[in-house]
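Topology and contacts: notes
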Amino acid sequence: SHLEEKTQWEHPKSGKRKRVAGGLPYGWEQETDENGQVYFVDHINKRTTYLDPRLAFTVEDNPVKPTTRQKYDGNSTAMEILQGRDLSGKVVIITGANSGIGFETAKSLALHGAYVILACRNTSRGNDAVQRILAEWHKAKVEAMTLDLASLQSVQRFAEAFKSKNVPLHALICNAAVFGAPWCLTEDGLESTFQVNHLGHFYLVQLLEDVLRRSSPARVVMVSSESHRFTDIKDSSGKLDFSLLSPSKKEYWAMLAYNRSKLCNILFSNELNRRLSSHGVTSNSVHPGNMMYSSIHRNWWVYTLLFTLARPFTKSM
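Remember, predicted model here, so these are calculated numbers, not experimental data. Each residue is numbered by its place in its chain's sequence as written, counting from 1. Only residues with pLDDT of at least 70 get local features here, since the model is predicted, and only at 80 or more are side-chain atom pairs given and counted; chain-wide, interface and lining totals rely on the full set of residues. Processing note: side-chain calculations cover all non-hydrogen atoms of the structure and skip hydrogens and water entirely.

What follows deals with the packing of helix 5 (residues 152-163) against helix 6 (residues 192-214). Working convention: axes come from line fits to C-alpha atoms, limited for helices to the stretch in contact. Angles between N-to-C directions cover 0 to 180 degrees. Strands here are runs of E lasting at least two residues and helices are runs of H or I lasting at least four, both read from the DSSP assignment and numbered beginning at the N terminus. At a closest axis distance of 10 Å, the pairing of helix 5 and helix 6 adopts a crossing angle of 30°. When the interaxial angle is binned, helix 5 and helix 6 end up roughly parallel. As helix 5 packs across helix 6, the resulting crossing turns out to be right-handed. Each of Leu152, Val155, Gln156, Phe158, Ala159, Phe162 and Lys163 in helix 5 lies in contact with helix 6, whose residues at this interface are Gln195, Gly200, Tyr203, Leu204, Leu207, Leu208, Asp210 and Val211. For the contact of helix 5 with helix 6, the class distribution of residues is 10 nonpolar, 3 polar and 2 charged. The scheme is simple: roughly parallel for angles under 35 degrees, roughly antiparallel for over 145, roughly perpendicular for 65 to 115, oblique for anything else. We call a crossing left-handed when the near helix sits turned anticlockwise from the far one by less than a right angle, and right-handed when that turn is clockwise. Note on contacts: a residue pair is in contact if any heavy atoms of the two residues lie within 4.5 Å. Following the grouping adopted for this structure description, the nonpolar residues are Ala, Val, Leu, Ile, Met, Phe, Trp, Tyr, Cys and Pro, the charged ones are Asp, Glu, Lys and Arg, and the polar ones are all others, Gly among them.

An order of 8-7-6-9-10-11 is seen for the 6 strands of this open sheet, with the pairing classed as parallel. Looking at which strands have only one partner, the edges of the open sheet turn out to be strand 8 (141-146) and strand 11 (281-286). Pairs of neighbouring strands in the sheet enclose a mean axial angle of 15°, with direction left out of account. Strand pairing is assigned whenever DSSP identifies at least 2 bridges connecting the two strands. Bridge count for strand 7 (residues 115-120) against strand 8 is 6 bridges, and the pairing is parallel. Residue pairing across strands places Tyr115 opposite Lys141, the latter belonging to strand 8.

In this fold, Leu276 is placed in helix 8 (residues 254-276). We call a residue buried when its accessible area falls under 20% of the maximum for its residue type, exposed when it is over 50%, and partly exposed in between, using a 1.4 Å probe and counting protein chains only. Relative accessible area serves as the criterion here: at 2%, Leu276 is assigned to the buried category. Taking the C-alpha atoms as reference, Leu276 lies 8.0 Å from Arg213; in sequence the two are 63 residues apart. Filtering out sequence-adjacent residues up to four positions away, Leu276 remains in contact with Glu209, Arg213 and Val281.

A negative phi angle is the norm for most residues apart from glycine, just as the trans form is the norm for most peptide bonds. Along the chain, Ser216 connects to Pro217 via a cis peptide bond; the corresponding omega equals 5°. Mapped onto the elements, Pro217 comes out in the loop between helix 6 and strand 10 (218-223). Phi at Lys46 takes a positive value of approximately 55°, unusual for a residue other than glycine. As for its position among the elements, Lys46 is in the loop between strand 3 (38-42) and strand 4 (47-49). Phi at Asn166 is positive, roughly 55°, even though this residue is not glycine. Note on placement: Asn166 falls in the loop between helix 5 and strand 9 (171-174). Overall, the relative accessible area of 70% leaves Asn166 in the exposed class.

UniProt positions are given in the numbering used here, feature names are shortened, and annotations may be inferred rather than shown by experiment. Under the UniProt annotation, the feature "domain: WW" (unreviewed entry) is placed at residues 22-55. This span, residues 22-55, is 0% helix and 38% strand, and a straight line between its end C-alpha atoms measures 11 Å.

In strand 9, alternate side chains face the same way, and those of Ala171 and Ile173 on one face and Leu172 and Cys174 on the other are all buried. Bridging between strand 6 (residues 91-95) and strand 9 involves 3 bridges; their strand directions are parallel. Looking at the pairing, Val92 lines up with Ala171 of strand 9. Where strand 9 meets strand 10, 4 bridges bridge the pair, whose relative direction is parallel. For Cys174, the partnering residue across the bridge sits in strand 10 and is Met222. For crossovers, right-handed means that the path from the first strand over the helix to the second runs clockwise, given strands pointing away from the viewer. Following the chain from strand 9 across helix 6 to the adjacent parallel strand 10, one finds a crossover that is right-handed.

For the rest of this paragraph, the subject is the side chain of Arg260. Tracing the sequence through the fold places Arg260 in helix 8. In this count, Lys and Arg are taken as positive residues and Asp and Glu as negative ones, while His and the chain termini are left out. Each reported salt bridge corresponds to a side-chain nitrogen of Lys or Arg within 4 Å of a carboxyl oxygen of Asp or Glu. For the buried Arg260, no salt bridge is present, and the opposite-charge side chain at shortest range is Glu251, 7.4 Å distant. Other than its neighbours up to four places away in sequence, Arg260 contacts Thr231, Asp232, Ile233 and Leu244.

As C-alpha cells, then:
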C-alpha cells in the first residue's frame, strides 16, 4: 500500500488475505543486528536483506487445500516440492545417482538435510557427483558407494557394506536403468536389461528389507515408465512366460526388453506394498515423465539421434 507504506496483505478486489508461513528457503538464515532489527542472510548468493524472503511464498489465510495435481505440475522442480521440509536424520539410498534424474533427486534431498548414499556402478563418477553436491552446500551429508546391478554378487556386497554402517534406511529409490542396450548376458547368465532394471533392484530390496522394517516409517520407490503398457509377459495360455523376461539373442528386442523390465518394476512394487505396508514400509512406482531429457539413450546412436531431435521440446534437468 503506497498510501500507508505498509505491506498490503488483503487483495483490493478479491478480498483474499495472505500471510508468511513455513521455514526460510534453503540457504537462508535469520539474524539480528546491533539495533535489534531482524535481517536475513543468503549464504548461497552471499548477500543480506531486511526483507523476509518468505514473502515470495505467502499463502492464503484460509486456503482451500489444493490437490497434488493442482499444487504441482510439469514445471515443478524437486527443490520447490521440498521447500520448507527438514529431512535431517533421514537416510536415503538412490541407485544410479551420479547423473540424470537420480542425481537431481540425490542433490535435492541432500540439500534439505537427508543423509544420501549414491549407489553407482562407476565409483569415480559417483564421487564426482558427491563433489558437485558438496560444492552447493559443504554441510551436505552425501556418500558414494559401489553398486553394479549387473552383478548379483555386487548387490550383495553393497547390502553388506551398508548394513555395516549400522544406520537406518528411510527411503530406497530404485532409479538406475539401461535403455536400448544391445543383447548381452551378465556374469549371472541373465539378459542385462532385465537384470539391471529389475532383478538387481528386486534382490537389493530383499537384502535390505529387514533394515527398512526396523526404520519404519520407510518407503521404496521404483522408477518405472509409461512404456510398461506396451508389452506383456504372458504366453498364449495366459501364464507367466519366463523366457520373455530373459530372452535369447534371437528373441531379443531392446525396446521390448526395457518395457518388460518396467512392467516387472510395477508388479513388484505393488506386491511389495501389499506385503510390507502393514509393517510401516510403503512401496510406490513412479513414471518420471515422457518429456524429460536425460542420458538414458546413450547405448545406441539411433536413440541418441531421436532424443537429440526431441530435446528442444523436453524438460531439462
